[in-house]
Amino acid sequence: MDKLIIDRKQIFNIKKTKDRFFVYMLMKENNIVYIGKTKNIKNRLQIHDRSNRDFNKIVITENKNQSENIEKEKRYIKYFKPIYNHFYIKKQGQISYKG
């Protein structure tokens, strides 16, 4: 799996991406605190930067298509159980969550 690891301060250095598929993990020290998916990584991370979520690193992986994105996000949430993804419900093979 190709991945990019960046410091929170580097969010604004990311080039604009649209219609590409990313799964990202927000980390505090070496703990994954949130996992999400997006097609516009810079915009989504800027939203997280303004949130109250406590994180200092981001791991970003790019995927081939939307279905791979959905599957990886679901698998990673089930495996890592991040604290900010703590309420998720399996519905028709997909994960919806509140957190």
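See the structure shown above.
Right, let's walk through the structure included here. Bear in mind the structure is a predicted one, so any value in this text is a computation, not a measurement.

### Points about helix α2 (residues 66-80)
Move 1: Its 15 residues place the ends of α2 21 Å apart at the C-alpha level, agreeing with the 21 Å of an ideal helix rising 1.5 Å per residue.
Move 2: Buried within α2 we find Asn-69, Lys-72, Glu-73, Lys-74, Tyr-76 and Ile-77.
Move 3: Downstream of α2 by one or two residues, Lys-81 has phi in the positive range, about 50 degrees.

### Considerations on the sheet that holds strand β3 (residues 31-38)
Move 1: Pairing is antiparallel across the open sheet formed by four strands, whose spatial order is β1-β4-β2-β3. If you trace the sheet from one side to the other, it starts and ends with β1 (4-7) and β3, each paired once. Taking each pair of neighbouring strands and ignoring which way they run, the sheet shows an average axis angle of 20 degrees.
Move 2: Of the pairings in the sheet, the one linking strand β2 (residues 21-28) to strand β4 (residues 57-63) comprises seven bridges and is antiparallel in character. What sits directly across from Leu-26, in β4, is Ile-58.
Move 3: Each of β2, β3 and β4 touches helix α1 (residues 41-49); the most contacted strand, β2, lies at about 25 degrees to it.
Move 4: Across the sheet, α2 lies against β2, β3 and β4, angled at about 160 degrees from β3, the strand it touches most.

### Here's the deal with the pairing of β4
Move 1: Burial analysis of β4 places five of its seven residues in the buried class, the great majority of the element.
Move 2: Bridge analysis of β1 against β4 gives four bridges, and the strand direction is antiparallel. Following the sheet pairing, Asp-7 is matched in β4 by Lys-57.

The rules behind the values
- Residue positions are counted from 1 within each chain, in the order its sequence is given.
- Per-residue local features are limited, in this predicted model, to residues with pLDDT of at least 70; the limit for side-chain atom pairs, both in listing and counting, is 80 or more; totals at the level of whole chains, interfaces and linings are taken over all residues.
- Excluding hydrogens and water, the side-chain figures rest on all heavy atoms present in the structure.
- A run of DSSP states H or I qualifies as a helix once it reaches four residues; a run of E qualifies as a strand once it reaches two. Both are numbered from the N-terminal end.
- Between the first and last residue of a helix there are one fewer steps than residues, each counted as 1.5 Å, and that sum is the expected span.
- Buried means the residue's accessible area, taken with a 1.4 Å probe over protein chains only, is under 20% of the maximum for its type, while exposed means over 50%, and partly exposed covers the values in between.
- The pairing criterion is simple: DSSP has to find at least two bridges between the two strands.
- Fitted lines through C-alpha atoms give the axes, limited to the stretch in contact for helices. The angle between two N-to-C directions lies from 0 to 180 degrees.
- Contacts are assigned to residue pairs that have any heavy atoms within 4.5 Å of one another.

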